[in-house]
Amino acid sequence: MRLRTLPLALMVVTCAFFGFTAGPAQADGVSPPGANDWTCKPSAAHPYPVVLVHGTFENMAKNWSVLSPQIKDAGYCVFALDYGNQATAHIADSARELDTFVDSVLGATGAKKVDLVGHSQGGMMPRYYLDFLGGATKVDELVGIVPSNHGTTNPLTIPTGFAGCDACTDQMAGSPFLTNLNAKGDTVAGPDYTVITTKHDEVVTPYTSAFLSGPAKQVTNVTLQDRCPLDAFEHDQSPNDPVVAQWVLNALGRSGPADPAFVPRCA
């Protein structure tokens, strides 16, 4: 079945996975507001720079135009990267690009570690960096917004015509990549993990596949509707949700993962 023959509702789901929207396109290499000031020095209150990691078929400008300036305004040094040919390359290769970028951020800022905030693939791919590339010693916290930690059962994530998306294949539930990533457990010693999900996720299905298993002192799994039942944000737009922003800042602003008892202001 070719993408152009899919019913409209199914096309919407597919386009959401790939990051396609009706808005104007933004070129790779363009930083979102508030990000990539390479003269920024972390404060004592916020000693770890925040690195933003976009999702599949995205770029940093589109993915982080709303959340990046919010994190910057909260007092953090913020950095973002484009990687993996709009995150379509094999995820292990993209993780190596993240490794190089984090080293650059640490070198420029003098910080000992970074915090990572990622959307979709960008919330899962860093786990490969933590597990296999030595990133666990360089990362204080990983915050995943609707991350594909255990893949998706949605068959529309690999429609005909997008066969060049190796990362799409990697993110199918049960793929060799995810089997290897999760074989020894969901977490590694050192970093803390916060996962933020929405019951309206039409891309990472079931939405609970985003969750990570681990001790409460290291892992917090959040479902937006548990605190804000009327929150209607879905997968693609979740980084723009003001409730998501509150959870992200809660996770970044404390020792350990996000406080599971945190009560955000519902939009």
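Here is a short report on the structure shown in this document. The numbers attached to residues start from 1 for each chain and follow its sequence in the written order. It should be noted that, the model being predicted, local features are given only for residues of pLDDT at least 70 and side-chain atom pairs only at 80 or more, the latter also being counted only at that level, while totals for whole chains, interfaces and linings use all residues. With hydrogens and water stripped out, all remaining heavy atoms of the structure feed into the side-chain values.

Moving on, we get to the overall build of the protein chain. Of the regular secondary structure elements, the protein chain holds ten helices and six strands. Relative to its 267 residues, the protein chain shows a buried fraction of 54%. Think of it this way: any DSSP run of H or I at least four residues long counts as a helix, any run of E at least two long counts as a strand, and we number them from the N terminus. Classification of residues uses two cut-offs on accessible area relative to the type maximum, computed with a 1.4 Å probe and protein chains only: under 20% is buried, over 50% is exposed, and between them is partly exposed.

Let us look at the environment of G256. Examined against the element boundaries, G256 turns out to sit in the segment after α10 (242-252). In this structure G256 comes out as buried when scored by relative accessible area, which is 9%. On a C-alpha basis, the gap between G256 and Y193 in space is 8.0 Å, while along the polypeptide they are 63 residues apart. Leaving out residues up to four positions away in the same chain, G256 has contacts with E141, D192 and A251. Note on contacts: a residue pair is in contact if any heavy atoms of the two residues lie within 4.5 Å.

Turning to the pairing of strand β1 (residues 50-53), a few remarks are in order. By the alternation rule, side chains of β1 split into V50 and L52 and V51 and V53, which are all buried. Bridge count between β1 and strand β2 (residues 78-81): four bridges; the pairing is parallel. By the bridge assignment, L52 is partnered in β2 with A80. In this sheet, strand β3 (residues 114-119) lies alongside β1 in parallel orientation, the contact comprising four bridges. If you follow L52 over to β3, its bridge partner there is V117. Strand pairing is defined by DSSP finding a minimum of two bridges between the two strands.

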